[in-house]
Amino acid sequence: MLIAADKFKGSLTAVEVAEHVTAGLRRTVPGLEVSAVPVADGGDGTVAAALAAGFTRHEARVTGPTGVPVTAIFALRGDGTAVVEMAEASGLQHLPGGAFAPLTATTYGTGELLLAALDAGATSIVFGVGGSATTDGGAGMLAALGARFLDADGEPVAPGGGPLRDLATADLSGLDPRLARTTIVLASDVDNPLTGPKGAPAVYGPQKGASEEDVATLDAALAHYAEVLERAVGPKAAEHALAPGAGAAGGIGYGALVGLDADFRPGIEVMLDVLGFAPALAKATFVITGEGSLDEQTLHGKAPAGVAAAARAAGLDVVAVCGRLQLSQEALTVAGIRRAYALTDLESDPARCMAEAGPLLERAAAQLARDFLV
């Protein structure tokens, strides 16, 4: 049995999901051989999955999204591969008191975190983006890495996406020279462009506290930012603004594409490679995947869909565990998942379901084993 599940957000880490599923399976089939590859799709939980796969934990003190210092972690492997998660530095969880700052939140700390990875010896970086509190197009990140963004008076523009409306000149020539020697992969399940109806401000701004007026301000500011960058670095800046992934994590994807020469890849594909999923899959005869909510988003590049696609290609059966299930059996079948076991089928109260996710998951896994293994 191979367990390759993502976290149950707000309840269990991916490692804890694997532990509880294993315990439940062995209630029904004692001594069952089980292996686990906790997975992530580039969003929050990505570094934790890398650490579970044997990467070494590193800490850095960086600037949080509102300027308050935070402690962020990244993961590094002996071959120089680092996994850096922008939410560790610039995520919603770092907003003091949970108060949104849609116009002023900055990705500066993410740039500092990337610098820390370079200082630790990283030569290849998997840059997972998601869960951001920011909509600054990655300007803060690039500034921390050595870029200069100045207003008409020659002063640095203030942090955040809103002040980019005052941007007059951009200079990327001061970016840390190590970046040019470092392979950077932008890992995300978001394929939105930078601006417009499907851009970062319009689609994700409201989740970060942006009003309709704020969304309009941010969209115009990021469009202006892209125009200034086009003057600074040429046509590629305009091309990247329209590219899939540019709108990821408040436009930090755009900053990574333009300033870091990153390659965009679906997060789950990247992470399955990095986490050693293929060798584990080769030894498996049955696969269990899952995440907190199996819903329409799952089908668009989330971890369970990636795991199911790989397992199906290998000719293996896949079942899923989840907190709640919002997909029809037909949709599950199309995704390559034979059946899904939801905790809400065992406990209808959402609050209790989250509070008791571990024991409930063991019960679900025990039933799964009775259905498929006995």
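So, how was this worked out
- Residues numbered from 1 in each chain as written.
- Predicted model: local features only at pLDDT ≥ 70, side-chain atom pairs only at ≥ 80, totals over all residues.
- Heavy atoms only, no water.
- Core = buried A, V, L, I, M, F, W, Y, C linked by side-chain atoms within 4.5 Å.
- Buried < 20%, exposed > 50% of the residue type's maximum accessible area, 1.4 Å probe, protein only.
- Helix = DSSP H or I, 4+ residues; strand = E, 2+ residues; numbered from the N terminus.
- Contact = heavy atoms within 4.5 Å.
- Pairing = 2+ DSSP bridges.
- Axes fitted to C-alpha atoms, helices over the stretch in contact; angles between N-to-C directions.
- Parallel < 35°, antiparallel > 145°, perpendicular 65-115°, else oblique.
- Left-handed = near helix turned anticlockwise from the far one by under 90°.
- Nonpolar A, V, L, I, M, F, W, Y, C, P; charged D, E, K, R; others polar.
- Salt bridge = Lys/Arg side-chain N within 4 Å of Asp/Glu carboxyl O.

Draft legend 1. Expanded view of the nonpolar core. Ranked by size, the top nonpolar core spans 55 residues in total, and within it Ile125, Phe127, Phe149, Tyr225 and Tyr254 carry the most contacts. The element that contributes the greatest number of residues to this core is helix H9 (residues 248–259), accounting for seven residues. If we skip the residues at most four places from it in the chain, Tyr254 touches Gly137, Leu194, Tyr225, Ala226, Leu229, Ala237, His240, Ala241, Gly245 and Ala246. Core analysis: the second largest hydrophobic core is formed by 41 residues, Leu2, Leu272, Leu327 and Ala331 among them.

Draft legend 2. Region of interest: the sheet that holds strand S13 (residues 339–342). Taken together, five strands build an open sheet; the order of strands is S2-S1-S11-S12-S13 and the sheet is parallel. Strand pairing shows two members of the sheet lacking a second neighbour, strand S2 (35–36) and S13, which therefore form its edges. Sheet topology note: the strand S12 (residues 317–325)/S13 ladder contains four bridges and is parallel. Paired with Ala320 across the two strands is Ala340, which belongs to S13.

Draft legend 3. Structural context of the packing of helix H1 (residues 14–28) against helix H15 (residues 357–372). Running from N to C, H1 and H15 cross one another at 45 degrees; their axes reach a closest spacing of 7 Å. Judged by the inter-axis angle, H1 sits oblique to H15. Where H1 crosses over H15, the two elements pack in a sense that is right-handed. Contacts between H1 and H15 involve Val17, His20, Val21, Ala23, Gly24, Leu25, Arg27 and Thr28 from the former and Gly358, Leu361, Glu362, Arg363, Ala365, Ala366, Leu368, Ala369 and Arg370 from the latter. Of the residues that constitute the contact of H1 with H15, the class distribution is nine nonpolar, four polar and four charged.

Draft legend 4. Layout of the pattern of salt bridges. Scanning the model with the defined rule gives 15 salt bridges in all. The salt bridge involving Lys9 is made with Asp44; its shortest N-O contact spans 3.5 Å. With Lys9 in the loop between strand S1 (2–5) and H1 and Asp44 in the loop between S2 and helix H2 (46–52), the pair connects residues that are 35 residues apart, well separated along the chain. Overall, Lys9 belongs to the exposed group, its relative accessible area being 58%. Residue Asp44 is classed as partly exposed on the basis of its relative accessible area, which comes to 23%. Linking Arg178 and Asp176 is a salt bridge whose minimum nitrogen-to-oxygen distance equals 2.9 Å. The class of Asp176 is buried, set by a relative accessible area of 15%.

Draft legend 5. Quick look at the sheet that holds strand S4 (residues 69–76). Judged by pairing direction, the sheet is mixed, and its six strands sit side by side in the order S3-S4-S5-S6-S9-S10 without closing on themselves. Where the open sheet ends on each side, the last strands, each with one partner, are strand S3 (56–63) and strand S10 (263–266). Across the sheet, the axes of successive neighbouring strands diverge by a mean angle of 30 degrees, strand direction being ignored. The pairing of S3 with S4 spans eight bridges and is classified as antiparallel. By the bridge assignment for S4, Arg61 is matched with Thr71. The strands that helix H4 (residues 108–119) touches are S3, S4, strand S5 (81–85) and strand S6 (124–128); relative to S3, the one it contacts most, it runs at about 140 degrees. The strands that helix H10 (residues 267–274) touches are S5, S6, strand S9 (183–188) and S10; relative to S10, the one it contacts most, it runs at about 90 degrees.

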